[in-house]
Amino acid sequence: KGCNYVDTAYMYHKGESEVAVGEALKGTYRDKVFLADKMPVWLAKDEEQMKKIFFEQLGRLKTDHIDFYLVHNITVPIWARAKRFNLMDFLLKQQKEGRIKHIGFSFHDEVDFFCQVLEEFPWDFCQIQFNYMDTHFQAGLKGLMKAASMNIPVIVMEPLKGGKLADKVPTGIMKKFEESEVKRTPASWALRWVANFPEVLTILNGVHSFNQLEENLATLSDARENALTEEEKNLIT
């Protein structure tokens, strides 16, 4: 269906996610996708263990390179730890040697700190939590626009706020959606809202069933930037 960005992390699914992804991408499929993984700095006790984790990830993934590699879950203490362990110098070395193609970070802290982190390294991309309920939460809309102003592509996580914007929508909001001339599910409205921003490179969304996957694929197959009408945007927000 055209999906080509595969995201995993060291601790996902009790440490089995990278192993599963490695098995799934064996053979020619690996060359058809962009593989994303993350450095869990907080799990490393020192610089050497941090390096060991990276090479362990390559082994789990059965690959010689990771296309999009992120400093995972940057907060004030995690960024300080990354600096103390000389993480960015290590990542630049791996990039130079071809084991990493693009260096980025995922973020879970306040927007002013997000803007600071953007300025402290020549990032290739970043990843933020963003949905129509979280425009002023963490990096939010201000962070999205700051990254865009610096030509740093943004990958969005939690477009459905952990499923809350799909299956836990209040009755009054559901009634508003149902009154619209355009009929869409709550999940479709939420995904289209994120996809409407030209500053967003791609959207990460977890699913719990094949039906959810098919619905999301159908939604994003024709969702385009700046495609929502003013009436539709007002309906959502």
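Structural data are supplied above this passage.
Residues numbered from 1 in each chain as written. Predicted model: local features only at pLDDT ≥ 70, side-chain atom pairs only at ≥ 80, totals over all residues. Heavy atoms only, no water.

What follows concerns a nonpolar patch on the surface. On the surface, a cluster of nonpolar side chains totalling about 260 Å² of accessible area is made up of Val207, Phe210 and Leu213. Topologically, Phe210 is positioned in helix H11 (residues 210–221). Residue classification places Phe210 among the exposed positions, given a relative accessible area of 57%. (Patch = residues over 30% accessible without salt bridge, like charges linked within 9 Å, V, L, I, M, F, W, Y side chains within 5 Å. Areas by Shrake-Rupley, 256 points an atom, 1.4 Å probe, with all protein chains shown as cover. Salt bridge = Lys/Arg side-chain N within 4 Å of Asp/Glu carboxyl O. Helix = DSSP H or I, 4+ residues; strand = E, 2+ residues; numbered from the N terminus. Buried < 20%, exposed > 50% of the residue type's maximum accessible area, 1.4 Å probe, protein only.)

What follows concerns the packing of aromatic side chains. Applying the stated criterion to the full structure yields 19 aromatic pairs. The interplanar angle of 35° and the centroid separation of 6.0 Å between the aromatic rings of Phe107 and Phe113 together place this pair among those described as tilted. Accessibility assignment for this pair places Phe107 and Phe113 in one class, buried. Relative to Phe197, the ring of Phe130 lies with its centre 5.2 Å away and its plane at 75°, an arrangement referred to as edge-to-face. One end of the pair, Phe130, is in the loop between strand S5 (125–129) and helix H7 (140–149); the other, Phe197, is in the loop between helix H10 (186–195) and strand S7 (200–203), with 67 residues separating them in the sequence. When sorted by exposure, Phe130 lands in the same class as Phe197, which is buried. In this structure an aromatic cluster arises from ring pairing among Trp79, Phe105, Phe107, Phe113, Phe114, Phe121 and Trp123. Just above the ring of Tyr10 sits the side chain of Arg60; from NZ or CZ to the centre is 4.3 Å. (Phe/Tyr/Trp six-rings, centres within 6.5 Å; stacked < 30°, edge-to-face > 60°. Lys NZ or Arg CZ within 6 Å of the ring centre and 35° of its normal.)

Right, let's get into the sheet that holds strand S6 (residues 154–157). Strand order in the open sheet formed by seven strands is S1-S2-S3-S4-S5-S6-S7, with parallel pairing between adjacent strands. Only two strands of the sheet have a single neighbouring strand rather than two, namely strand S1 (5–7) and S7. Along the sheet, successive strands turn relative to each other by an average axial angle of 30°, direction set aside. Looking at chain direction, strand S2 (residues 34–39) and strand S3 (residues 66–74) are connected through four bridges and run parallel. Within the sheet, the bridge partner assigned to Lys38 lies in S3 and is Leu70. (Pairing = 2+ DSSP bridges. Axes fitted to C-alpha atoms, helices over the stretch in contact; angles between N-to-C directions.)

Moving on to the pattern of salt bridges. Applying the stated rule across the entire model yields 17 salt bridges. Glu97 is the partner of Lys93 in a salt bridge, and the nearest nitrogen-oxygen pair spans 2.8 Å. When salt bridges that share partners are traced, they join Glu18, Glu56 and Arg60 into one network.

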